[in-house]
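Architecture at a glance
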Amino acid sequence: LEANLAALDVLVGGEVVTSLAHPESLASTIDGLMEVAMANNDMLHEVVRGIVEAMNGLYQQGPVKKRERVQEKSDNDYKGDFLKVVDIVRSSAVFHTLVDIHNALLALKAPGGKVKIVRSKDRVFKPLDSGYRDVLLNITVEGCDMV
């Protein structure tokens, strides 16, 4: 798992996603971006849920990020460029063994799969100061340009 996460970090890193986040053609306004998120919400969750549950994980569908929060992040973090706000459609997966999370990561990054990992943060082997451990991923799903 550690080698897999390290290789993933080298491949996509933890830097802020920009060009892969949302192409200009996706939406011309925040409202348009929110419409795209709502239109693709079910499909995105269906694809990721299938992978997570096949790897013995518990899938937890999160709420769509609120428009007000997208505006706030856009203004405060990206100088008003709302297309750089990612993870509008969100979810979590809980795995009870390192083997299961390792297999899930392999499935998510499998060549020819529907999912592409575009950003990762390994907080399993690089935990927070509090000791909390997880892995954060930003992904794209075939058929949707959202991250």
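Some details on the overall build of the chain
Within the chain one finds four helices and four strands. What you see in the chain, going N to C, is helices and strands ordered as α-α-β-α-β-α-β-β. In summary, the chain has a C-alpha radius of gyration of 15 Å against a globular reference of 15 Å for 147 residues, a match within 12%. In terms of principal-axis extent, the alpha carbons of the chain reach across some 40 × 30 × 25 Å. The buried share among the 147 residues of the chain stands at 40%. Of the roughly 8500 Å² of accessible surface on the chain, 51% is carried by carbon and sulfur atoms. Between the centroid of the 17 positive side chains of the chain and the centroid of its 21 negative side chains there is a distance of 3 Å.

Comments concerning the layout of surface pockets
The calculated volume of the largest pocket comes to roughly 1100 Å³. Taken together, 41 residues line the largest pocket, and the ones lying closest to its centre are Ser91, Ser92, Val135, Leu136 and Leu137. Counting only elements with at least two residues in the lining of the largest pocket, the list comes to α2 (30-54), β2 (91-94), α4 (98-108), β3 (115-122) and β4 (135-141). A total of six residues in the lining of the largest pocket trace back to one element, the largest contributor, which is β4. For the lining of the largest pocket, the residue count by class is 25 nonpolar, seven polar and nine charged.

Examining the confidence of the model for the chain
For the chain, the mean per-residue pLDDT works out to 89, and 94% of the residues sit at or above 70. Confidence scores differ between elements of the chain, with helix α1 (residues 2-12) showing the lowest mean pLDDT of 80 and strand β1 (residues 58-61) the highest of 98.

Each value, and the rule that gives it
- Residues numbered from 1 in each chain as written.
- Predicted model: local features only at pLDDT ≥ 70, side-chain atom pairs only at ≥ 80, totals over all residues.
- Heavy atoms only, no water.
- Helix = DSSP H or I, 4+ residues; strand = E, 2+ residues; numbered from the N terminus.
- Rg over C-alpha atoms; globule rule 2.2 N^0.38 Å.
- Buried < 20%, exposed > 50% of the residue type's maximum accessible area, 1.4 Å probe, protein only.
- Areas by Shrake-Rupley, 256 points an atom, 1.4 Å probe, with all protein chains shown as cover.
- Lys, Arg positive; Asp, Glu negative; His and termini not counted.
- Charge placed at Lys NZ, Arg CZ, Asp CG, Glu CD.
- 1 Å grid on protein atoms, 1.4 Å probe; cavity = no way out; pocket = protein on both sides within 12 Å on 5 of 7 lines; lining within 4 Å.
- Points joined across faces, edges and corners; volume = space filled by probe spheres on them.
- Nonpolar A, V, L, I, M, F, W, Y, C, P; charged D, E, K, R; others polar.
- pLDDT = per-residue confidence, 0-100.

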